[in-house]
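# Structural characterization, general
What follows is the residue order along each chain.
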Protein chains: 2
Amino acid sequence: ESRLPGFATHQVGVAGAVLDETNGKVLVVQDKNKTKNAWKFPGGLSDLGENIGATAAREVYEETGVRAEFRSLLSIRQQHNHPGAFGMSDMYLICRLSPLTHSINFCRHECLRCEWMEVAELCRTAETTPITSRMARLLLYGLHHGFQHIDLTMEELPAVYSGMFYQLFHRQLPESLRCS
Amino acid sequence: ESRLPGFATHQVGVAGAVLDETNGKVLVVQDKNKTKNAWKFPGGLSDLGENIGATAAREVYEETGVRAEFRSLLSIRQQHNHPGAFGMSDMYLICRLSPLTHSINFCRHECLRCEWMEVAELCRTAETTPITSRMARLLLYGLHHGFQHIDLTMEELPAVYSGMFYQLFHRQLPESLRCS
């Protein structure tokens, strides 16, 4: 890394695709006050100091009432001059989560609709965003062929600065190459 | 995404692992003025508005004199309270690049050493950082079994805001699921 002093250039947003592997359904919402009613995954901005998986689980709960746990990182989007980011850039991360509860109690302030939808249906519908549609196809592929094909797994490792940790995401290595 | 106004919480750093597939060598540097001489990949902070791949190629060139082109994203690290980030968080992305030139002309202001090293040797050496060692094992796996096992590929897509684009990174889907 550079030794020059840095400054923050990005806001970080996280979406959570909560997939129930037992029935192939994923949790989707429609935002209120949008011209197009597009199904998407619940999500929002990270608080300062908040880990990616924690943001995903928090936003899913706040928007839908469903408790879920982080499983993997699926995708990253970088966008510059993002409206609402005041000239800063936007890094948007989409995670896969597993549901811990199933009962929906969605936030009527933020959402118009919320439901468990078949991943295959989310792949087909035109009532969605391009990224959500892409993620639905990734999830379908994972459901059919194994999540090792779509996941970036997370590991917490000690930083060189004592007492601190970082989270590292990458494709899982085979056992033989995993040591250290 | 949240409709609340955001603010930038992260600096973004990018490292470039320039791998020559023809001989299995990767470009590594040792920083000047460090207590431990650790081999690592050249890299540094993104400029405002700069894409990930562009930062990787720029930093590689500035530090080593080698021209390279972006191939894929390999890994993401999130770290909070990063020293030098003034209380902000750090998002550090490691990319795979292919060399366009091979002759080294490294920056003596930033680097102590720079060389093309066998990936297998970078996997073995203790003179490196834990992340670099991990990435070396990913690269070795990619060299032996195909880069589709380690890569997140990038695609540029139109944003909902007209005339704007974003870059999306995820595992490559099989042909049959790729449309749209």
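What this report covers is the structure whose coordinates are included nearby. (Residues numbered from 1 in each chain as written. Chains lettered and ligands numbered in written order. Predicted model: local features only at pLDDT ≥ 70, side-chain atom pairs only at ≥ 80, totals over all residues. Heavy atoms only, no water.)

## Details of the packing of aromatic side chains
Counted under the stated rule, the structure contains two aromatic pairs over all chains. Between Phe70(A) and Phe169(A), the ring centres sit 6.2 Å apart and the planes meet at 80°, which makes this aromatic pair edge-to-face. In this pair, Phe70(A) sits in strand S5 (residues 68-79) while Phe169(A) sits in strand S9 (residues 165-170), placing the two residues 99 residues apart along the sequence. When its relative accessible area of 0% is taken as the criterion, Phe169(A) is described as buried. When the ring centre of Phe106(A) is taken as reference, the NZ or CZ atom of Arg108(A) above it lies at 4.0 Å. A cation sits over an aromatic face here: Arg67(B) above Tyr61(B), 3.5 Å from the ring centre. (Phe/Tyr/Trp six-rings, centres within 6.5 Å; stacked < 30°, edge-to-face > 60°. Helix = DSSP H or I, 4+ residues; strand = E, 2+ residues; numbered from the N terminus. Buried < 20%, exposed > 50% of the residue type's maximum accessible area, 1.4 Å probe, protein only. Lys NZ or Arg CZ within 6 Å of the ring centre and 35° of its normal.)

## Some words on the pattern of salt bridges
Close approach of charged atoms allows side chains of opposite charge to pair. Residue and element names in this part refer to chain A. Under the criterion given, the structure shown has 20 salt bridges over all chains. Salt-bridge contacts for Glu21 lead to Arg96; the nearest nitrogen and oxygen are separated by 3.5 Å. With Glu21 in the loop between strand S1 (10-20) and strand S2 (25-31) and Arg96 in strand S6 (residues 89-99), this residue pair connects regions lying 75 residues apart in the sequence. Of the residues examined, Glu21 reaches a relative accessible area of 39% and is grouped as partly exposed. The exposure class assigned to Arg96 is buried, which follows from its relative accessible area of 2%. (Salt bridge = Lys/Arg side-chain N within 4 Å of Asp/Glu carboxyl O.)

## Description of helix H1 (residues 52-64) of chain A
A rise of 1.5 Å per residue sets the reference length of H1(A), with its 13 residues, at 18 Å; its end C-alpha atoms lie 18 Å apart and thus fit the reference within 8%. Just downstream of H1(A), Gly65(A) is the residue with a positive phi angle, here 80°. (Expected span 1.5 Å × (residues − 1).)

## Some thoughts on the interface of chain A and chain B
Contacts between the two partners involve 75 residues from chain A, matched on the other side by 74 residues from chain B. Counting the surface lost from both chain A and chain B, the interface buries some 6600 Å², and carbon and sulfur atoms represent 58% of this. On inspection of chain A and its partner chain B, the count reaches two salt bridges. Residue Glu155(A) is joined to Arg134(B) by a salt bridge in which the shortest nitrogen-to-oxygen separation is 2.8 Å. (Contact = heavy atoms within 4.5 Å. Buried area = accessible area lost by both parts, 1.4 Å probe.)

## Side note on the side chain of His170(B)
Along the chain, His170(B) turns up in strand S9 (residues 165-170). Engagement of the side chain of His170(B) in a polar contact is seen with the side chain of Arg134(A), the distance being 3.1 Å. Setting aside residues up to four positions removed in sequence, His170(B) forms contacts with Leu74(A), Ser75(A), Arg134(A), Met135(A), Leu138(A), Leu152(B) and Thr153(B). (Polar contact = N/O pair within 3.5 Å; in protein donor to acceptor, adjacent residues only side chain to side chain.)

By themselves, these figures tell us nothing about what the structure is for.
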